[in-house]
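# Chains, contacts and geometry: an overview
Read off the chains here:
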Amino acid sequence: MNWKETIQAIERSVKDKFSGEATGHDWHHIDRVRRNALIIAEKEGGDLIITELAALLHDIDDHKFNGGDWEAGTRKAKQILEEHHVPEQASIHICQIIGKVSFKGANVLSVPDSIEGKSVQDADRLDAIGAIGIARAFAYGGNKNRMIYDPDEEVVLHQSREAYFNAGSHTINHFYEKLLLLKDTMNTPTGKQMAASRHAFMEQFLKQFYDEWDTK
Ligand code: ADP
Ligand code: NI
């Protein structure tokens, strides 16, 4: 098995699928997750091939954009891995990771078992916080026709994945229902360390945002 060629071929098919995506799930998101997942897995001692393939395929079919089918992503990933003759054992592991990676609500636990999965989840979460995370949140909110902020609407934390995904609140609420919670959900010491400055930047952003809102 020539892993380098396999990874390149899978990268090409993922890139084709994601080019031009405007909801924060574009190819560059996948590429940043791949790079950070590899940095984390390398430091934490994970298998880099499994990590890279899982990162490349982690958003291959997002349930938020396909009518709420939770299994579609893993099915699609399995099919792509088969097409590229990835051995079954590796494919099973990669699909397990993909099923666990995504954030499903403030009080819904979904932690991958392996170090490779933990690295990909940490990398995905890093991309949801900091300056890039802020940009992605407002891009997503705009795509879903959501208000930037509504001071009359209280912060909501969700107890189930359905409640979380069906919520329609303003984008500032997304900081409280997800983004500010992520630093404490990082799986690995490396991920935690990388999250710290991004988290601090979001707090600074919110402070400035409210100051401007209140014309201070
Ligand atoms: P993950 O990669 O953890 O699965 P998602 O796919 O849920 O993340 O979300 C993709 C991007 O869109 C992330 O940056 C996320 O924070 C943002 N996003 C998701 N839901 C909302 C929302 N309700 N409001 C604003 N941004 C959102
Ligand atoms: Ni992602």
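The structure this text deals with has already been given above.
## Re the coordination of the nickel ion (ligand 2)
- Within the protein, the atoms that donate to the nickel ion (ligand 2) are H29 (NE2), H58 (NE2), D59 (OD) and D124 (OD), at distances of 2.1 to 2.3 Å.
- Because the angles between the 4 donor atoms bound to the nickel ion (ligand 2) fall within 82 to 170°, the donor set is best described as irregular.
- Sequence positions of the donors to the nickel ion (ligand 2) reduce to the motif H-x28-H-D-x64-D. Here the two residues H58 and D59 agree in accessibility, since each one is buried.

## Quick word on the packing of aromatic side chains
- In this structure the tally under the stated criterion is 9 aromatic pairs.
- Linked through ring pairs, F138, Y149, F175, F205, F209, Y210 and W213 together constitute an aromatic cluster.

## Describing the pattern of salt bridges
- Enumeration according to the criterion identifies 9 salt bridges in this entry.
- For K78, the salt bridge is made with E82, and the minimal N-O distance between the two is 3.4 Å. Of the two residues, K78 and E82 both sit in helix α4 (residues 72-83), 4 residues apart, roughly one turn of that helix.
- Take K78: its relative accessible area is 45%, and that puts it in the partly exposed class.
- Of the charged contacts, one joins R136 and D127 as a salt bridge, the two residues approaching to 3.6 Å between their closest N and O atoms.
- A residue is classified by how much of its surface remains accessible, and D127, at 1% relative accessible area, is buried.

## Observations regarding helix α6 (residues 115-126)
- Compared with the 16 Å implied by 1.5 Å per residue over 12 residues, the 16 Å span of α6 between its first and last C-alpha is a close match.
- For α6, the complete set of buried residues consists of E116, G117, S119, V120, Q121, D122, A123, D124, R125 and L126.
- Elements that come into contact with the buried residues of α6 comprise α2 (27-44), α3 (48-57), α5 (88-101) and α10 (189-213).

## A few points about the packing of α3 against α5
- Close contact between α3 and α5 brings their axes to 9 Å; oriented N to C, the two are set at 50°. Here α3 lies oblique to α5, going by the angle between them. Considering how the two elements wind past one another, α3 and α5 form a crossing that is right-handed. Contacts between α3 and α5 pair I50, L53, A54 and L57 from the former with A90, H93, I94, I97 and I98 from the latter.
- For the contact of α3 with α5, the residue count by class is 8 nonpolar, 1 polar and no charged.

What counts, and at which threshold
- Residues numbered from 1 in each chain as written.
- Chains lettered and ligands numbered in written order.
- Predicted model: local features only at pLDDT ≥ 70, side-chain atom pairs only at ≥ 80, totals over all residues.
- Heavy atoms only, no water.
- Donors = N, O, S within 2.8 Å, 3.2 Å for Na, K, Ca; no water.
- Tetrahedral: all angles 85-135°; square planar, octahedral: opposite > 155°, others 65-115°.
- Buried < 20%, exposed > 50% of the residue type's maximum accessible area, 1.4 Å probe, protein only.
- Phe/Tyr/Trp six-rings, centres within 6.5 Å; stacked < 30°, edge-to-face > 60°.
- Salt bridge = Lys/Arg side-chain N within 4 Å of Asp/Glu carboxyl O.
- Helix = DSSP H or I, 4+ residues; strand = E, 2+ residues; numbered from the N terminus.
- Expected span 1.5 Å × (residues − 1).
- Contact = heavy atoms within 4.5 Å.
- Axes fitted to C-alpha atoms, helices over the stretch in contact; angles between N-to-C directions.
- Parallel < 35°, antiparallel > 145°, perpendicular 65-115°, else oblique.
- Left-handed = near helix turned anticlockwise from the far one by under 90°.
- Nonpolar A, V, L, I, M, F, W, Y, C, P; charged D, E, K, R; others polar.

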